[in-house]
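# Results of the structural survey
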Amino acid sequence: MSGENWRQERKTLLATLGPPLFWLTLFFLVPLAVVWAYSFGRNVGLTEIEISGTFANYAQAIQPLYLGIFFKSIVMAAACTVICLVAGFPVALAITFAPDKVKAWLLLAVMLPFWTNLLIRTYALIAVLRDEGYINLTLGWIWKQVGLVLNVPPFVPLEMLHNNPAVLFGLVYVHLPFMVLPLYAALDRLDRSLIEASLDLGAGHFRTMMQVVVPLALPGILSGVLITFIPALGAYLTPDLLGGPDSQMIANVIERQFKRANDWPFGAALSFLLLYLTFVMVAVQALIQRRRGAR
Amino acid sequence: MSAPGDDGVLAAEIADAQFGPAEVSAAVATARPRRNTPGPLDYLRRWPLQLWLVIVGLFLYLPLITLMAFSFNDSKRNIVWRGFTTDWYVKALTDSSLLEAFGNSLSIAALSTIASVILGALAAVALWRFDFRGKTAFEGAMAMPIVIPEICMGVAMLVFFARIMPWPQDLVWPFNLGPIVIAHISFSFPFVAVVVRARLASFDRSQEEAARDLGATDAQAFRDVLIPHLKPSLIAGALLAFTLSLDDFVITFFTAGPDTITFPVKVYSMVRFSVTPEVNAASTLLIVLTVLLTVVALRFQNPKEVAGA
């Protein structure tokens with residue numbers, strides 16, 4: 001752009017940047033900043049919070065009880081991510097090498113549950129897993145058929161809901177598409193001739209996957225891992241609806257501080273610890289990405 | 001906001017990628033002399049992978065399909081099939097609080113979509129066109145609503161509307177939805193910005209310069225050259241924002257006052273009590289809506305598919 005319409009350009013910049021910047025600041029950064037400030041505050045009276053610069057909330061947050069819940073959330077999210085990666089990789093692979101038409105359908109098939117309301121999907125799982133759910137119903141029916149021939153004790157429904165495995169099952173169910181889509185995007189960018197070369201040179205399919213495809217697609221795999229891990233770590237609905245009393249994750253504890261226990265400063269400290277954890281994950285991924293880029 | 005929306009980026013990437021190597025492989029596939037033996041890269045034609053796809057497909061779809069099927073079940077207990085009925089739909093559609101919640105959700109989604117598209121497009125244009133001080137910081141801040149866990153954003157909104165900007169109670173519709181709409185815009189417009197920016201990358205600036213040389217003002221060039229180019233991404237971004245808003249539970253749960261109920265919040269309170277066919281019917285309606293939106297969104301992101309259909 002030539003210098004004469006510098007003023008004009010500046011006006012355009014203000015006109016385009018102004019509204020989103022204003023919105024982001026007022027309705028996102030300010031609320032976050034307030035939560036951050038509250039995390040250094042303490043309750044005085046019922047609704048007053050005095051920002052006293054105390055670290056007491058963070059000290060409370062690293063007590064064994066809450067540290068344990070943090071640890072548990074990380075383990076759950078990690079387990080969910082690993083299962084999604086193992087289950088999703090072959091799916092992404094199949095989609096990548098599918099013929100064009102099939103590929104479009106498969107992608108649609110992965111995206112539809114992804115778009116479906118999270119609450120509805122969780123509700124659907126409850127209907128499957130509960131005591132009188134479809135799985136137990138089927139098992140009960142089989143049991144009854146067996147009972148006609150053999151003498152068996154009455155059927156006791158498997159308890160598949162309100163426990164930790166149910167939460168993990170739910171997390172995988174919800175987050176699997178999160179993993180498949182970035183994996184597919186990464187695999188689709190690969191140079192196929194490299195895979196063919198590896199196969200031609202005598203490596204088996206498994207070895208080709210491990211030694212050629214996975215290293216080449218690593219950035220995509222990492223972003224898939226991140227995209228799955230972060231929401232799984234902060235999952236609220238799944239442990240709330242599918243979990244039992246002992247399967248709370250960190251988001252449930254945060255919710256309780258804000259909605260029931262009314263200890264906002266402590267809840268704020270927990271939220272920010274979760275946020276810092278998220279930032280660390282993003283930073284690590286960016287670092288790995290950059291190191292690979294530098295090579 | 002959780003990652004759902006990275007699919008905006010992804011969808012764009014996927015749409016781009018689809019015209020690349022896929023065509024080559026299709027060509028290779030047809031060139032192969034014997035089509036009955038799978039080629040080395042025809043992973044889809046190997047049975048272990050096919051089996052795996054079927055298992056994953058069942059895992060993803062069986063719960064949803066049973067949910068939909070049982071919305072037609074003529075039994076209150078919702079367990080054993082007792083015959084076909086549409087009573088639950090009648091019941092769901094005459095349940096005034098459910099309808100109100102559904103109406104609220106659609107209004108919120110519509111309002112938030114309009115604002116998100118405008119803000120997102122403006123942000124994308126600003127980031128694409130200008131270098132300004134603090135650009136990296138702004139980009140980082142724009143990525144935050146996409147990355148941070150929903151619960152963190154939820155509590156931030158709760159605190160904000162409780163202490164910093166208290167929203168008056170008992171306002172008339174749609175003003176009573178204000179806080180929810182504002183919260184939804186905050187997590188939706190960065191997604192729109194990502195989608196629009198991806199599209200801007202393919203814009204040929206000489207077109208705009210030509211328009212200006214031919215006497216168009218800035219505003220005219222923007223309206224008649226840039227906007228038409230961006231149109232597919234604006235539509236895709238709008239659909240993304242709409243679905244994100246319709247889908248959101250956690251942030252709404254924290255932002256909603258006691259007297260504003262959205263569809264997910266309503267379903268949540270119903271689910272807490274019991275599993276009833278009425279919830280199945282209401283869910284089925286929402287699923288159908290989602291499917292339609294997704295199909296439309298994919299059509300707009302993938303012009304080739306439209307052409308081929």
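The structure displayed is predicted, hence computed values, not measured ones.

In terms of regular secondary structure, chain A is built from 13 helices and two strands. Residues classed as buried in chain A amount to 53% of the 295 residues present. Residue pairs at least 24 apart in sequence account for 68% of intrachain contacts in chain A once pairs closer than 6 positions are excluded. Only carbon and sulfur atoms are counted for the fraction: they give 69% of the accessible area of chain A, which is about 13,600 Å². Of the charged side chains in chain A, 20 are positive and 16 negative, and the gap between their average positions amounts to 5 Å.

Attention now goes to the domain arrangement of chain B. All names here are of chain B. Parsing chain B into structural domains produces domain 1 (42-72) and domain 2 (90-301). Taking the mean C-alpha position of each, domain 1 and domain 2 sit 31 Å from one another. Contacts between domain 1 and domain 2 engage five residues on the former and six residues on the latter. Counting the surface lost from both domain 1 and domain 2, the interface buries some 480 Å², and carbon and sulfur atoms represent 74% of this. Ranking the residues of domain 1 by area buried against domain 2 places Leu67, Met68 and Ser71 at the top, with a combined share of 79%. A breakdown of the residues in the side of domain 1 that touches domain 2 according to their chemical character gives four nonpolar, one polar and no charged.

The subject of this paragraph is the pairing of strand S2 (residues 48-51) of chain A. Here strand S1 (residues 41-44) of chain A pairs with S2(A) via four bridges, running antiparallel. The partner of A:Val44 across the bridge, within S2(A), is A:Glu48.

One recurring pattern in soluble globular proteins is that nonpolar side chains are buried together. Within the largest apolar cluster, 170 residues are counted, with the highest numbers of intra-cluster contacts made by A:Tyr236, A:Phe258 and B:Phe249. Here this core takes 15 residues from helix H7 (residues 164-188) of chain A, the largest share from any one element. Here this core gathers at least three residues from each of two domains, domain 1 (42-72) and domain 2 (90-301) of chain B. Excluding residues within four positions of it along the chain, A:Phe258 makes contact with A:Trp264, A:Gly267, A:Ala268, A:Ser271, B:Val155, B:Leu158, B:Val159 and B:Phe254. Counting 16 residues, the second-largest nonpolar core is a separate cluster that includes B:Ala121, B:Val125, B:Leu200 and B:Ala238.

With that settled, the discussion passes to the confidence of the model for chain A. Interpretation of the predicted coordinates at a detailed level should be avoided for regions scoring low in pLDDT. In this model, chain A carries a mean pLDDT of 84, and residues with pLDDT of at least 70 account for 97%. Mean pLDDT across the elements of chain A bottoms out in S2(A) (79) and peaks in helix H3 (residues 64-96) of chain A (90).

Calculation notes
- Counting restarts for each chain: residues are numbered from 1 in the order of the written sequence.
- Chain A is the first chain written and ligand 1 is the first ligand written, with later ones labelled in order.
- Predicted model: local features are reported for residues with pLDDT of at least 70 only, side-chain atom pairs are reported and counted for 80 or more only, and whole-chain, interface and lining totals are derived from all residues.
- Side-chain descriptors were evaluated using all non-hydrogen atoms of the structure, hydrogens and water having been removed beforehand.
- A run of DSSP states H or I qualifies as a helix once it reaches four residues; a run of E qualifies as a strand once it reaches two. Both are numbered from the N-terminal end.
- The cut-offs for exposure are 20% and 50% of the maximum accessible area for each residue type, with area from a 1.4 Å probe on protein chains only; residues under the lower value are buried, those over the upper are exposed, and the others partly exposed.
- It only takes one pair of heavy atoms within 4.5 Å for two residues to be counted as in contact.
- Areas reported as accessible are Shrake-Rupley estimates using a 1.4 Å probe. Residue values count occlusion only from the protein chains shown.
- Residues scored as charged are limited to Lys and Arg (positive) and Asp and Glu (negative), so that His and the chain ends carry no count.
- One atom stands in for each charge, and that atom is NZ of Lys, CZ of Arg, CG of Asp or CD of Glu.
- Marked domain ranges trace back to an automatic or database domain assignment.
- As used here, buried area is the combined drop in accessible area, with a 1.4 Å probe, of two parts when they are placed together.
- Throughout this entry, Asp, Glu, Lys and Arg are counted as charged residues, while Ala, Val, Leu, Ile, Met, Phe, Trp, Tyr, Cys and Pro are counted as nonpolar. The remaining residues, Gly among them, count as polar.
- Think of it this way: DSSP has to see at least two bridges between two strands before they count as a pair.
- Put simply, buried Ala, Val, Leu, Ile, Met, Phe, Trp, Tyr and Cys residues joined by side-chain atoms within 4.5 Å make one nonpolar core.
- Every residue carries a pLDDT, the predictor's confidence in it, which falls somewhere between 0 and 100.

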